[in-house]
Amino acid sequence: MNELVEYPDVFLRTKSNEVKFPLDDRTARLTKWMIKMMYQHHGIGLAAIQVGYQNRIFVMDCTRAGQSPQIFINPEIIKHSNRSLTDYEGCLSAPGKRGEVKRYLRITLEYKDEKGEEHQKTFYNMEARCIQHEMDHLEGRLCIDYENGEYSREKNKSQTMVESDFRAKSDS
Ligand SMILES: [Zn+2]
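Fair warning: this is a prediction, and the values are worked out from it, not measured in the lab. (Residues numbered from 1 in each chain as written. Predicted model: local features only at pLDDT ≥ 70, side-chain atom pairs only at ≥ 80, totals over all residues. Heavy atoms only, no water.)

**Student:** How would you summarise the coordination of the zinc ion if you had to cite specific residues and measurements?
**Tutor:** Here the zinc ion is held by C91 (SG), H133 (NE2) and H137 (NE2), and the distances to it run 2.1 to 2.3 Å. In primary sequence terms, the donor set of the zinc ion follows C-x41-H-x3-H. Of this pair, H133 and H137 both sit in helix α2 (residues 125-138), four residues apart, roughly one helical turn. Here H137 falls in the buried class, since its relative accessible area comes to 1%. (Donors = N, O, S within 2.8 Å, 3.2 Å for Na, K, Ca; no water. Helix = DSSP H or I, 4+ residues; strand = E, 2+ residues; numbered from the N terminus. Buried < 20%, exposed > 50% of the residue type's maximum accessible area, 1.4 Å probe, protein only.)

**Student:** Mind laying out the sheet that holds strand β1 (residues 45-47), listing which residues take part and the relevant values?
**Tutor:** An order of β1-β2-β3-β6-β7 is seen for the five strands of this open sheet, with the pairing classed as antiparallel. This sheet does not close on itself; its edge strands, each paired only once, are β1 and β7 (118-124). Each neighbouring strand pair of the sheet contributes to a mean axis angle of 40 degrees, computed without reference to strand direction. Here β1 pairs with strand β2 (residues 57-60) via three bridges, running antiparallel. Opposite L46, over in β2, you have V59 as the bridge partner. Across the sheet, helix α1 (residues 25-40) lies against β1, β2 and β3 (70-80), angled at about 35 degrees from β2, the strand it touches most. (Pairing = 2+ DSSP bridges. Axes fitted to C-alpha atoms, helices over the stretch in contact; angles between N-to-C directions. Contact = heavy atoms within 4.5 Å.)

**Student:** Talk me through the side chain of E134; I want residue IDs and the actual numbers.
**Tutor:** With respect to the secondary-structure elements, E134 resides in helix α2. Of the side chains bearing the opposite charge, R103 lies closest to the buried E134, which forms no salt bridge; the N-O distance is 8.3 Å. Setting aside residues up to four positions removed in sequence, E134 forms contacts with G45, L46, A47, Q50 and F58. (Lys, Arg positive; Asp, Glu negative; His and termini not counted. Salt bridge = Lys/Arg side-chain N within 4 Å of Asp/Glu carboxyl O.)

**Student:** Break down the pattern of salt bridges for me, citing the residues and quoting the values.
**Tutor:** Summed over the entire model, instances satisfying the criterion amount to seven salt bridges. Three or more residues joined by partner-sharing salt bridges are found here, namely E89, R103, R129 and D136.

**Student:** Mind laying out α1, listing which residues take part and the relevant values?
**Tutor:** When the terminal C-alpha atoms of α1 are compared, their 22 Å separation across 16 residues agrees well with the 22 Å that a helix rising 1.5 Å per residue should span. Within the sequence span of α1, burial applies to T27, L30, T31, M34, I35, M37 and M38. End-on view of α1: buried residues confined to an arc of 165 degrees, all on one side of the axis. Exposed side of α1, more than 90 degrees from the buried face: D25, R29 and K32 are the residues found there. The secondary structure elements touched by the buried residues of α1 are β1, β2 and β3. Remark: H42 follows α1 within two positions and exhibits a positive phi of approximately 55 degrees. (Expected span 1.5 Å × (residues − 1). Arc of directions from axis to C-beta.)

**Student:** Any chance you could break down the nonpolar core for me, citing the residues and the numbers?
**Tutor:** With 25 residues, the main nonpolar core has F58, M60, F72, L109, F123 and I131 as its most contacted residues. Considering each element in turn, this core owes the most residues, five residues, to α2. Residues contacting F58, with those up to four places away along its chain left out, are M34, L46, A47, Q70, I71, F72, P75, L109, I131, E134 and M135. V19, L23, M38 and L46 belong to the second-largest nonpolar core, a separate cluster that totals 15 residues. (Core = buried A, V, L, I, M, F, W, Y, C linked by side-chain atoms within 4.5 Å.)

Have a look at this one:
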């Protein structure tokens, strides 16, 4: 099985870049590869950064059958509900860990598909949570950074130190 980028790798902390259209071959291949990797690892969502690419792309499939992959490129949340829910989340890049994260129950997303066509769609509950999780990846945030529902910069700061130490150790 192909490995994913895993915590505490500092690469997961980097911000991903806007994707240009039309997609070049490499990026087109990347979207197909990400779908394959998401299913291989039994995830419901996967961001490009998790397979080693700093592109603003994520894929998602929250259906049970696992045959309805969706590709989201350059996504932006343009509207969200007032109501939110705090729940536990896991991440394929942080095996065995969980974060308690507050997410909006409903979001409206603007994004492009692999053909460069623009979409606007509203998502609820599980899909809305999954999208907010993947959007965090594009900003270099992880669900395990959250404490009691809230994103904690403090927690992130200390982790970054730990990560640098880790990187220094694994480089030597
Ligand atoms: Zn994740």
